[in-house]
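Read off the chains here:
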Amino acid sequence: MEEEARIDALLGRGYLPKELPPPFTSVNFARNITPVAAAWKTHADALPAKDKRNYPFPSNCGRFDMARKGHSRRMLAIPNPINQYYLVQALAQNWRVIETQMATSTISMTPALVTPLDSRAVPMPKLSLLAERRIKAYATSRAILQTDVLSFYHAIYTHSIPWALHDKRTAKRNRHDATLLGNRLDFLMRGCQDGQTIGIPVGPDSSRILSELILCAVEREIDPAISASILDGYRYVDDFFLAFGSHVDAERYLAALRGAALKFDLQLNASKTAITAALDFNEASWPGAIASLSLATSARNQRHDLMRFFTEVIALSKSHPDESIASYAVRTTSRVLIQRENWGLYEPFLLRVARENSSCLDAVVKILCTYAAAGYPVGSAINDFVERMIEDHAPYNHHFEVVWVLWLCRSLKIKLSERATALVARIENSICACLVLMLRSRRLLSGRGAVSDWTGTVNTESLRGEHWMLVYEAGIRKTWLVPGAREAVQADPHFRAMRDANVSFFDNSTTNLPLALPAIGPKLQEALGRRRSAILRGAIEIISSVPLRSRRYETLGEDYGSDSAVHEWEPWENSFNFDDDLPF
């Protein structure tokens, strides 16, 4: 893979968080980066010498509050595109060095390698592979060590990047050498987060690469004789599951690992660190319990199975609140086509589970949109569900829940009440605000509820702040009214270059991919009727001239954020629409 291809992958498929709804994309940014980067270089070359040394200038990340398994949450980050590009460029230009460093780990299952065709630039292995690896590990060993790094991404010290690449002594001796790769990466990472040295952004694949570099360096700090005592196991990002021949060997490795982590200013998570007898270890039973709850294909038997399935899932979710049971279960139902006669039972169960376990909301939205496109009676209960979800989550700035509910409104053309409109417009977040402005232009909001109430008048400094995406997207559109946005984009040479290259991070014309449900193709074709093409309800486009076997579908993964297209990843066409006056 060449340098340009790695830059394209990391910007196009590894920049924005994978948990965002379909309109948010950086593929267009990646495709047009050559003229944009050239314009940026021209600007940088004209800067005074002092400014050149500090270029690119630091900026703030956008924020996205994410629902995780159980009821935990995580704050994801969206770096400014200027800083993200220069960081990605440095990684791509020095990939041979980085790849060599990552190859030193003998236990990592997450080597952070850039791939050409996956839905993410740096894909993660399936979670099911971990269970298989664990079973093999404890089958013949005597002791199991489990641990992880405490608040890993948020605890990383950016100065430890040169320590990992060059060893700590060399890095400290050359801390002012700007040509040293580790120092350059340290500088660029700090630039992505307003100069902060503690923590790195959670979400971009560039952070996956740098975090893997650090963990590989941590492993190298351990005496090879101690590491040789590992019989089997793995490291999955910062989660360690290692098998040993004795409890003493496991204790010795734990002490060495703890000391190695401290050399990089990291600590192991005491609450998740344990050494247990291998014969006492067993896999969680709930995945097997759900797998045993099969759903029949015949309407009559399927109805009975649905009652049993969701009753058991709700009970399991309550007894294991810290597990992703609801998300796993909802995705399991996408392997069977629910018969129309049973939709009145399936739909309320979906809504109930999503309300109680919001980490599965993205999957529920995709399921609802697919069945709506197939002509199923997606009814008024959805409207009540939308209003209740906004009331429950908008006041607490739960961005994940809000944006997926707003995208559901866009997909099903649901108009929000005045109260819901006021609640979502009040959220000070770029991702939420972009969808609010889109719904406003589509007349799917009620009352005033303007985003400009909290943005005020923006300027060029706003393009370096947390809300850079909102300011930029409003600045390149006629119908998104944020005072000062157009003038700010025009005045900033970096964002003006992106505008002139037709770069956008929000595609108004995007649609949903239908889920790869059994026999869904003929049902969508039937809904299309005699039309040559149409965007069906649920915002799913069907074109009659495309054969059923060649159409693109999406499969739901085992957990949130792991969904992917059935066919190999293909770049999107460069045909973005910047205004919202479209029929869909």
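Residues numbered from 1 in each chain as written. Predicted model: local features only at pLDDT ≥ 70, side-chain atom pairs only at ≥ 80, totals over all residues. Heavy atoms only, no water.

> Could you give an account of the sheet that holds strand β5 (residues 239-244), naming the residues involved and the relevant values?
Whether parallel or antiparallel, the strands of a sheet pair through hydrogen bonds between backbone atoms. If you walk across this open sheet you meet the four strands as β4-β5-β3-β6, and the pairing is antiparallel. The sheet terminates laterally at β4 (230-236) and β6 (274-277), the two strands that pair on one side only. Strand-to-strand twist in this sheet, taken as the mean axis angle between neighbours without regard to direction, amounts to 15 degrees. By the bridge criterion, four bridges tie strand β3 (residues 143-148) to β6 in an arrangement that is antiparallel. Each residue of the ladder has a partner; that of A143, found in β6, is A277. (Pairing = 2+ DSSP bridges. Helix = DSSP H or I, 4+ residues; strand = E, 2+ residues; numbered from the N terminus. Axes fitted to C-alpha atoms, helices over the stretch in contact; angles between N-to-C directions.)

> Could you give an account of the packing of helix α18 (residues 343-356) against helix α20 (residues 381-393), with specific residues and numbers?
With their axes 11 Å apart at the nearest point, α18 and α20 run at an angle of 0 degrees to one another. In terms of orientation, α18 lies roughly parallel with respect to α20. From α18, E347, L351, A354 and R355 reach across to α20, where they touch A381, I382, F385, R388, M389 and D392. (Parallel < 35°, antiparallel > 145°, perpendicular 65-115°, else oblique. Contact = heavy atoms within 4.5 Å.)

> Report on unusual backbone geometry, specifying residues and quantitative values.
In this chain, Y55 is followed by P56 through a cis amide linkage whose omega measures 0 degrees. Even without being glycine, D194 reaches a positive phi, approximately 55 degrees. Mapped onto the elements, D194 comes out in the loop between α11 (181-192) and α12 (205-220). Given a relative accessible area of 40%, D194 falls into the partly exposed group. Phi is positive for A539, close to 60 degrees, though the residue is something other than glycine. Examined against the element boundaries, A539 turns out to sit in the loop between β7 (533-536) and β8 (540-543). Since its relative accessible area comes to 0%, A539 is described here as buried. (Buried < 20%, exposed > 50% of the residue type's maximum accessible area, 1.4 Å probe, protein only.)

> Summarise the packing of aromatic side chains; cite the residues concerned and give the values.
A complete count under the given rule lists 28 aromatic pairs for this structure. On the numbers, 4.9 Å between centres and 35 degrees between planes, the contact of W343 with Y371 is tilted. With a gap of 28 residues between them, W343 in helix α18 and Y371 in helix α19 (residues 361-373) connect regions that are remote in the sequence. As far as burial versus exposure is concerned, W343 and Y371 are alike and both buried. Within the aromatic cluster, the residues linked to one another by ring pairs are F309, F310, W343, Y346, F349, Y371 and Y376. In this structure, R340 packs its charged tip against the face of Y376, placed 4.8 Å from the ring centre. (Phe/Tyr/Trp six-rings, centres within 6.5 Å; stacked < 30°, edge-to-face > 60°. Lys NZ or Arg CZ within 6 Å of the ring centre and 35° of its normal.)

> Break down α19 for me, with residues and values.
Between its terminal C-alpha atoms α19 stretches 18 Å, which fits the 18 Å expected from 13 residues at 1.5 Å a residue. Counting buried residues along α19, 13 of its 13 residues qualify, which places the element largely inside the surrounding structure. Positive phi shows up at G375, right after α19, with a value of about 90 degrees. (Expected span 1.5 Å × (residues − 1).)

> Could you give an account of the confidence of the model for the protein, naming the residues involved and the relevant values?
When the pLDDT values of the protein are averaged, the result is 92; 95% of them are 70 or greater. Taken together, the stretch residues 566-575 has pLDDT below 50 and engages in 29 contacts with residues farther than four places along the chain or on a different chain. (pLDDT = per-residue confidence, 0-100.)

> Please set out the nonpolar core residue by residue, giving values where relevant.
Judged by nonpolar contacts, the single largest core of 201 residues is most densely connected at F29, W40, Y253 and V386. Excluding residues that lie within four positions of it along the chain, V386 makes contacts with V405, L408, C409, I414 and L416. (Core = buried A, V, L, I, M, F, W, Y, C linked by side-chain atoms within 4.5 Å.)

> Outline the pattern of salt bridges, listing residues and values.
Enumeration over the complete set of coordinates arrives at 22 salt bridges. Among the ionic pairs, D45 bridges to K41, the shortest N-O distance being 2.9 Å. Taken as a pair, D45 and K41 lie in helix α3 (residues 33-45) at a separation of four residues, close to a single helical turn. Look at D45 and you get partly exposed, because its relative accessible area is 44%. Note that R331 and D362 form a salt bridge whose closest N and O atoms lie 3.4 Å from each other. Linking R331 in helix α17 (residues 325-332) with D362 in helix α19, this pair joins segments that are 31 residues apart in sequence. (Salt bridge = Lys/Arg side-chain N within 4 Å of Asp/Glu carboxyl O.)

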